[in-house]
Amino acid sequence: MSQKLQTTIAASMIALLANMGVAEAATTVKFWHSFNKSNGEALDKIIAGFETANPGIDIEAEYVGSYNDIIAKLQAAIPARRAPDAVILEVTRYGLFANNKLLTDLTPYFDADPLKADLYDYAREVGVIDGKNYVVPFNSSTPVLYFNKDIFARAGLSADTPLKTFADISAAAKTISEKLSSEGISGIAAPGQFARWGLVMANDSEMVDPKTGEILLDKPNTIEAYQWMA
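Considering helix 8 (residues 193-202)
Taken as a whole, helix 8 has its buried residues at W197, G198, L199, V200 and A202. Following helix 8 by one or two positions, D204 adopts a phi angle in the positive range, close to 60°.

With respect to the nonpolar core
Counting 25 residues, the largest nonpolar core has L74, L89, Y94 and Y134 as its most contacted members. Residue assignment for this core shows that the elements contributing at least two residues are helix 2 (67-77), strand 4 (86-90), helix 3 (94-98), helix 8 and helix 9 (220-229).

Observations concerning the pairing of strand 2 (residues 27-33)
Counting buried residues along strand 2, 5 of its 7 residues qualify, which places the element largely inside the surrounding structure. The pairing of strand 2 with strand 3 (residues 57-63) spans 7 bridges and is parallel. In the strand pairing of strand 3, T28 is matched with D58. The parallel pair strand 2 and strand 3, bridged by helix 1 (residues 37-53), forms a crossover whose chirality is right-handed.

A few points about the packing of aromatic side chains
To describe a pair of aromatic rings, one takes the distance between the centres and the angle between the planes. On inspection of all chains with the given rule, the structure shows 3 aromatic pairs. Taken together, a centroid distance of 4.6 Å and an interplanar angle of 45° make the contact between F147 and F152 tilted. Cation over ring: K73 sits above W32, and NZ or CZ is 4.8 Å from the ring centre.

Some details on unusual backbone geometry
If you check the backbone angles, D130 has positive phi at about 55° while not being a glycine. Inspection of the secondary structure assignment puts D130 in the loop between strand 5 (128-129) and strand 6 (132-133). A relative accessible area of 76% places D130 in the exposed class. Positioned with a positive phi, D204 is a non-glycine residue whose angle comes to about 60°. Note on placement: D204 falls in the loop between helix 8 and helix 9.

A few points about helix 1
Because each turn of an α-helix spans 3.6 residues, side chains separated by three or four positions in sequence point in the same direction. Given a rise of 1.5 Å per residue, 17 residues ought to cover 24 Å, and the 25 Å separating the end C-alpha atoms of helix 1 matches this to within 8%. Listing the buried residues of helix 1 in full gives G40, L43 and I47. Along the long axis of helix 1, the arc covered by the buried residues comes to 60°, so they all point the same way. Residues of helix 1 that are exposed and point more than 90 degrees away from the buried face comprise S38, E41, K45, T52 and A53.

Side note on the confidence of the model for the protein
Predicted coordinates in regions of low pLDDT should not be interpreted in detail. Confidence in the prediction of the protein, expressed as mean pLDDT, is 85, and 89% of residues score 70 or more. In the model, residues 1-23 has pLDDT below 50 throughout and makes 108 contacts with residues more than four positions away in sequence or in other chains.

Comments concerning the environment of F147
As for its position among the elements, F147 is in the loop between strand 7 (135-141) and helix 6 (149-154). For F147, a relative accessible area of 32% puts it in the partly exposed group. Sequence separation of F147 and A159 is 12 residues, and the distance between their C-alpha atoms is 9.1 Å. Those residues in contact with F147, other than ones at most four positions away along the chain, are F152, A159 and L163.

Overview of the packing of helix 8 against helix 9
Contact pair helix 8 / helix 9: the axes reach a minimum separation of 8 Å and the direction vectors enclose 130°. With respect to helix 9, the element helix 8 is oriented oblique. The two elements helix 8 and helix 9 cross, and the hand of that crossing is right-handed. Contact residues: helix 8 offers R196, L199 and V200, while helix 9 offers T222, A225, Y226, W228 and M229.

Side note on the pattern of salt bridges
Side chains carrying opposite charge are able to pair once their charged atoms draw close together. Summed over the entire model, instances satisfying the criterion amount to 5 salt bridges. Taking the shortest distance from any N to any O, the salt bridge between R124 and D121 comes out at 2.6 Å. Placement of the pair is R124 and D121 together in helix 5 (residues 121-125), with a separation of 3 residues, close to one helical turn. With a relative accessible area of 28%, R124 lands in the partly exposed category.

Definitions and limits used
- Residues numbered from 1 in each chain as written.
- Predicted model: local features only at pLDDT ≥ 70, side-chain atom pairs only at ≥ 80, totals over all residues.
- Heavy atoms only, no water.
- Buried < 20%, exposed > 50% of the residue type's maximum accessible area, 1.4 Å probe, protein only.
- Helix = DSSP H or I, 4+ residues; strand = E, 2+ residues; numbered from the N terminus.
- Core = buried A, V, L, I, M, F, W, Y, C linked by side-chain atoms within 4.5 Å.
- Pairing = 2+ DSSP bridges.
- Right-handed = clockwise from strand over helix to strand, strands pointing away.
- Phe/Tyr/Trp six-rings, centres within 6.5 Å; stacked < 30°, edge-to-face > 60°.
- Lys NZ or Arg CZ within 6 Å of the ring centre and 35° of its normal.
- Expected span 1.5 Å × (residues − 1).
- Arc of directions from axis to C-beta.
- pLDDT = per-residue confidence, 0-100.
- Contact = heavy atoms within 4.5 Å.
- Axes fitted to C-alpha atoms, helices over the stretch in contact; angles between N-to-C directions.
- Parallel < 35°, antiparallel > 145°, perpendicular 65-115°, else oblique.
- Left-handed = near helix turned anticlockwise from the far one by under 90°.
- Salt bridge = Lys/Arg side-chain N within 4 Å of Asp/Glu carboxyl O.

This is the structure:
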């Protein structure tokens, strides 16, 4: 297994639909998103700041629901010609629309953007299909490993216990499970979607090769990562 747990996953991206034109004075941009509560408040502040800096543009933001809700509503809105100008899509979903020629090719905008060099490669490249960039990185998720120091102490583990490799984590988790399972405490929680993806990447593999489209679910490193998670 790879010795490093270094994973950075591009999660949510903004995809611009093909009916969006260049913003001009007194322009309204209809924008669908999936952020509510504190995330929604943060997004509102971003939008307010943008509108202040660009008084001729009004962002009409609408919370639509989860990523799945957005996909369902978008699939209904496009043929009815009621689609928004911009929408946040989960990173694994935008290809469905790009491959059907429903998204704007943003490559010329990226090429002309002086800030493009500030983007991490993973965030920029994840939006490229057939050499064209269809998304702007907006909300990139980064799975991280965290642990409960109190539980470690109760299991007789130091707060400095090494957790740099898969083997380190397995050893600590087994110790905790053996000593505290009678209290209903397990050594590690089941990895969520992004963590599973990240662990596969940390083991030098992918679900799908991002450049060739080859399915890698049955490759040795992918299988090894899932066996470790199991």
